[in-house]
Amino acid sequence: MKIKRIIRSVILFCVAAAVVGLGKSPDSTTKAADQKQPLRIGYVQMKEYSSFAQQLLILAEEFEKEGSIREGFMETNYPDTNFDMSFRSGDAKKLWDAICANQTGAGNYEFVQDAYFDMGLMKEKDYETMVNREDVDLTIVMGTTAGVYFKEHEKQNPYMVLLAADPIASEIVKSETDPGDDLTYALIDSTSYRRQIEAGYKFLHFKKLGVVYEDSEDAYVYSAIDSVKEAAEKLGFEILTRHVDEPKSSKDNARYYRELKAAYRELAEEGMDTLYITVSVIDYENQLEDLLADSIVPNKIPTLAQDDVAPVQYGALFGVSLVDYSEQAQHVIRQIRAYHEEGTAFRDLDQVCECTPKIFLNYDMALKIGFDVSFEDLQIIDSIYR
């Protein structure tokens, strides 16, 4: 009898426990199991370029909308600065610090203060500190050189390469639809620079296009030389080239600008009728006017900028931007959400984002070199700078 009572008590206890369990929210344990930790994000740039800081700013504004960054953080940290117009040296780091300092802790994303790197300010032996980190789940990687390094050395965490001139040619990814592995993503617009050259040609009708770039594999890619050659073959213009090594540190700047000015002068003497100012470490605000004053302006040679609006602000005649930072940021944020919040495999994210082109003109430079802009052309120019 005592054994039967014990068995009966055990059965009643189990039934009661089951009833209590049924009284709980049916998905409470599931929700706890499915709760995602914030995705920890780091940032790497290959060098200091205004376009990198601009893209980082727009990404931050998208994360602000998502709730991971405090609303109005830019107005709080930079009340007197118009970052849509100009970025200066060190602004990307200031921006990253502001992002990290204004995290809400309530969103799905976290920004790691110590995971900011500028390869242009680092010794090569220290590059390894950027990759395979335990405190990062995803790294935003700006530029071709940084993207190539991550492709070769990152074996642990996913990374997204933005603003690389040609991620396929530089072998960061295999194709628009195949990143080549499970950790790599690269934002791609494979025809952007060719379209840029073609748009510039419609305005300038050049026969001899001068191009100066560093004689290295990386510079060949981020200076879009293949795209220049494709456009030349299609449109029938000649390419005149010179090579100048970019500075390894600020102490090397004087040599760099001296050789760059000499290269421009040599190309002018060779008959260049338009200069293509490729992406490089030129300090546009403080150096571009002087670089152009020596031989470009006196010979009334038009200039077409590969980089975004900054060169046109400070003296380049034309700029054709095929990078819309807002469009790109929205596309990238959609991919990050698909990966982190919806469970899409990283290698299945959409890498292709073709942006609407914008055309810029420096009107003062047009007057200096006697370049006549027709009323019809003025109507299709997006921004005019003086």
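Each remark here, short or long, concerns the structure printed above.
Residues numbered from 1 in each chain as written. Predicted model: local features only at pLDDT ≥ 70, side-chain atom pairs only at ≥ 80, totals over all residues. Heavy atoms only, no water.

Colleague: Help me understand the sheet that holds strand β12 (residues 383-385), please; the structure alone is not making it clear to me.
Modeller: Note on sheets: strands pair through backbone hydrogen bonds, and any given pair is parallel or antiparallel. Read across the open sheet, the seven strands follow the order β7-β6-β8-β9-β10-β11-β12; overall the sheet is mixed. Both outer strands of the open sheet, β7 (238-243) and β12, are each paired with one neighbouring strand and no more. Adjacent strand axes in the sheet meet at a mean angle of 20 degrees when their direction is disregarded. Running at roughly 170 degrees to strand β6 (residues 208-213), helix α9 (residues 225-235) makes contact with β6, β7 and β8 (274-277) of the sheet. (Pairing = 2+ DSSP bridges. Helix = DSSP H or I, 4+ residues; strand = E, 2+ residues; numbered from the N terminus. Axes fitted to C-alpha atoms, helices over the stretch in contact; angles between N-to-C directions. Contact = heavy atoms within 4.5 Å.)

Colleague: Is there a simple way to think about the pattern of salt bridges in this case?
Modeller: Two side chains that carry opposite charge are able to pair once their charged atoms sit near each other. Here the structure, examined in full by the defined rule, presents 23 salt bridges. As a salt-bridge pair, K125 and D126 come within 3.4 Å of each other at their nearest N and O atoms. On the basis of relative accessibility, which here comes to 28%, the residue D126 falls in the partly exposed class. Because the salt bridges share partners, they merge into one network encompassing R194, E198, E230 and K234. (Salt bridge = Lys/Arg side-chain N within 4 Å of Asp/Glu carboxyl O. Buried < 20%, exposed > 50% of the residue type's maximum accessible area, 1.4 Å probe, protein only.)

Colleague: Explain helix α3 (residues 50-66) to me, please; I cannot follow it from the model alone.
Modeller: One turn of the α-helix equals 3.6 residues, which is why residues spaced by three or four share an orientation. Compared with the 24 Å implied by 1.5 Å per residue over 17 residues, the 25 Å span of α3 between its first and last C-alpha is a close match. Counting buried positions along α3 yields 14 of 17 residues, so the element is predominantly enclosed. Downstream of α3 by a residue or two, G67 has a phi angle that is positive, lying close to 105 degrees. (Expected span 1.5 Å × (residues − 1).)

Colleague: Could you clarify how one ought to interpret the sheet that holds strand β2 (residues 109-118) in this entry?
Modeller: If you trace the five strands from one edge of the open sheet to the other, you get β2-β1-β3-β4-β5, paired in parallel fashion. Each edge of the sheet is formed by a strand with only one pairing partner; in this case those strands are β2 and β5 (184-186). Neighbour to neighbour, the strand axes of the sheet diverge by 20 degrees on average, direction disregarded. Sheet analysis places strand β1 (residues 39-45) next to β2, joined by six bridges and oriented parallel. Bridge pairing in β2 links V44 to F117. Where α3 meets the sheet, it contacts β1, β2, β3 (138-142) and β4 (159-162), and its direction lies at approximately 145 degrees from that of β3.

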